[in-house]
Amino acid sequence: MKVSIDTNLCYGSAECVHRAPSVFEFVDEYGVVRPGREESGDDPQVREAAEKCPSQAISLTG
C-alpha cells in the first residue's frame, strides 16, 4: 500500500514524524514521506499516523 502526504493540506503538526519516524520526516516545516518509503502503507505505525493526522493530509492507497 502506498503512503503520501498532500502538501496542500499539511500544516506541520509533525504527528506523522512522531508516530512513524522511519517513514516520515519534517522538511521546511511540513511532513513528507522519506524517499524510498512510499510503499510503507501496510505498516501499523503509518496507518496510525494517517488516522491521527489532524489535517487528514496522509493518504493510503492501493
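Residues numbered from 1 in each chain as written. Predicted model: local features only at pLDDT ≥ 70, side-chain atom pairs only at ≥ 80, totals over all residues. Heavy atoms only, no water.

By the naming in an unreviewed UniProt entry, the protein goes by Ferredoxin and is assigned to Streptomyces sp. NBC_00180. According to the UniProt record, the Function (unreviewed entry) comment for the protein is "Ferredoxins are iron-sulfur proteins that transfer electrons in a wide variety of metabolic reactions." Database annotation for the protein, UniProt heading Cofactor (unreviewed entry): "[3Fe-4S] cluster". (UniProt positions renumbered as here; feature names shortened; annotations may be inferred.)

How should I be thinking about the pattern of salt bridges in this particular structure?
When charged atoms on two side chains of opposite charge get close, those side chains can pair. Counting across every chain of the model gives 4 salt bridges. For Glu-48, the salt bridge identified is with Arg-19, shortest N-O distance 2.9 Å. With Glu-48 in helix α2 (residues 44–52) and Arg-19 in helix α1 (residues 15–19), this pair connects stretches of sequence that are 29 residues apart. You can call Glu-48 partly exposed: its relative accessible area is 33%. (Salt bridge = Lys/Arg side-chain N within 4 Å of Asp/Glu carboxyl O. Helix = DSSP H or I, 4+ residues; strand = E, 2+ residues; numbered from the N terminus. Buried < 20%, exposed > 50% of the residue type's maximum accessible area, 1.4 Å probe, protein only.)

Explain the nonpolar core to me, please; I cannot follow it from the model alone.
Generally speaking, nonpolar side chains in soluble globular proteins are found buried as a group. Core analysis: the largest hydrophobic core is formed by 14 residues, its most contacted members being Val-3, Ile-5, Val-23, Phe-24 and Ile-58. Of all elements in the fold, only β1 (2–5) and α2 reach the threshold of two or more residues within this core. When residues in this core are grouped by element, the largest group, 3 residues, is from α2. (Core = buried A, V, L, I, M, F, W, Y, C linked by side-chain atoms within 4.5 Å.)

Please explain the pairing of β1 as it appears in this structure.
The side chains of a regular strand alternate between both faces of the sheet. With burial as the criterion, only one face of β1 is covered, namely that bearing Val-3 and Ile-5; the residues Lys-2 and Ser-4 on the opposite face remain uncovered. Inspection of the sheet shows β1 paired to strand β4 (residues 58–61) by 4 bridges, in the antiparallel sense. Across the sheet, Ile-5 pairs through a bridge with Ile-58, a residue of β4. (Pairing = 2+ DSSP bridges.)

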